[in-house]
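# Fold and contact review
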Amino acid sequence: MALIIGMTTAYAHTGVVHGTLVCRVSLPDTLSSDSLQMFYRQIDRLSVFDLKKVRESYIYKNRTQPSDQNKRILLYVEERLKIAK
């Protein structure tokens with residue numbers, strides 16, 4: 001099942017794996033600055049568990065598809081994790 005986060009270009013997938021709710025945020029390769037700000041607001045709403053998953057995803061994405069935008073998103077997620085802990 002897909003859950004619209006409020007943007008036309010970013011969306012989250014939710015599902016149940018072995019009785020545990022899984023949330024994955026997916027984005028296209030590049031976002032406009034407005035869409036990026038909206039994505040940051042969505043990151044602000046994530047739990048610590050979901051922030052860790054997004055962080056792992058962007059660490060991998062930075063290895064496979066390095067870009068300035070992916071690096072900025074990873075840094076933002078890491079800062080949110082520091083605040084959330």
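Now for a description of the structure that goes with this document. (Residues numbered from 1 in each chain as written. Predicted model: local features only at pLDDT ≥ 70, side-chain atom pairs only at ≥ 80, totals over all residues. Heavy atoms only, no water.)

### Let's talk about the overall build of the protein chain
Worth spelling out the cut-off: For the purposes of this entry, the term helix denotes a DSSP run of H or I that reaches at least four residues, the term strand denotes a run of E that reaches at least two, and both are numbered from the N terminus. Relative accessible area decides the class of each residue, using a 1.4 Å probe on protein chains only: under 20% of the type maximum gives buried, over 50% gives exposed, and in between gives partly exposed. Contact definition: two residues touch when any of their heavy atoms are within 4.5 Å. Where accessible areas are quoted, they stem from the Shrake-Rupley method and a 1.4 Å probe; at the residue level, only the protein chains shown are allowed to cover.
Along its length, the protein chain carries three helices and three strands. Beginning at the N terminus, the succession of helices and strands in the protein chain can be written as β-β-β-α-α-α. Taken over 85 residues, the protein chain has a buried fraction of 32%. Taking the contacts inside the protein chain whose residues are at least 6 apart along the sequence as the reference set, 47% of them involve residues at least 24 apart. Counting every atom, the protein chain has about 5,800 Å² of accessible surface; 55% of that belongs to carbon and sulfur.

### Some words on the pattern of salt bridges
In plain terms, the rule: Should a side-chain nitrogen of Lys or Arg be within 4 Å of a carboxyl oxygen of Asp or Glu, the pair is scored as a salt bridge.
For the coordinates displayed, the defined rule picks out three salt bridges. The partner of R80 in a salt bridge is D44, and the shortest N-O contact between them spans 3.1 Å. Here R80, found in helix α3 (residues 68-84), pairs with D44, found in helix α1 (residues 33-44); they are 36 residues apart in sequence, far enough to count as distant. R80 sits in the partly exposed class, given a relative accessible area of 21%. Classification of D44 by relative accessible area gives partly exposed; the value is 31%.

### Here's the deal with α3
Stated precisely, the cut-off is as follows: Any helix carries an expected span of 1.5 Å times its number of residues minus one. Each C-beta atom gives one direction from the helix axis, and the arc is the one those directions make.
Compared with the 24 Å implied by 1.5 Å per residue over 17 residues, the 24 Å span of α3 between its first and last C-alpha is a close match. All of the buried residues in α3 are Q69, N70, I73, L74, V77 and L81. Looking straight down α3, one finds that the buried residues subtend no more than 135° of arc, so they occupy a single side. Of the residues in α3, the exposed ones pointing more than 90 degrees away from the buried face are D68, L75, K82 and I83.

### Some thoughts on the packing of α1 against α3
Which entries qualify depends on this criterion: Axis definition: a line fitted to C-alpha atoms, limited for helices to the stretch in contact. Angles are taken between N-to-C directions and run from 0 to 180 degrees. Reported orientations rely on four angle classes, namely roughly parallel under 35 degrees, roughly antiparallel over 145, roughly perpendicular from 65 to 115, and oblique for the rest. Handedness of a crossing follows from how the near helix is turned relative to the far one, being left-handed for an anticlockwise turn of less than a right angle and right-handed for a clockwise one. Amino acids are sorted into nonpolar (Ala, Val, Leu, Ile, Met, Phe, Trp, Tyr, Cys and Pro), charged (Asp, Glu, Lys and Arg) and polar (every other residue, Gly among them).
Relative to each other, α1 and α3 sit at 25°, their axes nearing to 10 Å. With respect to their mutual orientation, α1 and α3 come out roughly parallel. Read as a crossing pair, α1 and α3 show a hand that is right-handed. Only Q69, R72, I73, Y76, V77 and R80 of α3 make contact with α1, whose side of the interface consists of L36, F39, Y40, I43 and D44. Of the residues in the contact of α1 with α3, the class split is seven nonpolar, one polar and three charged.

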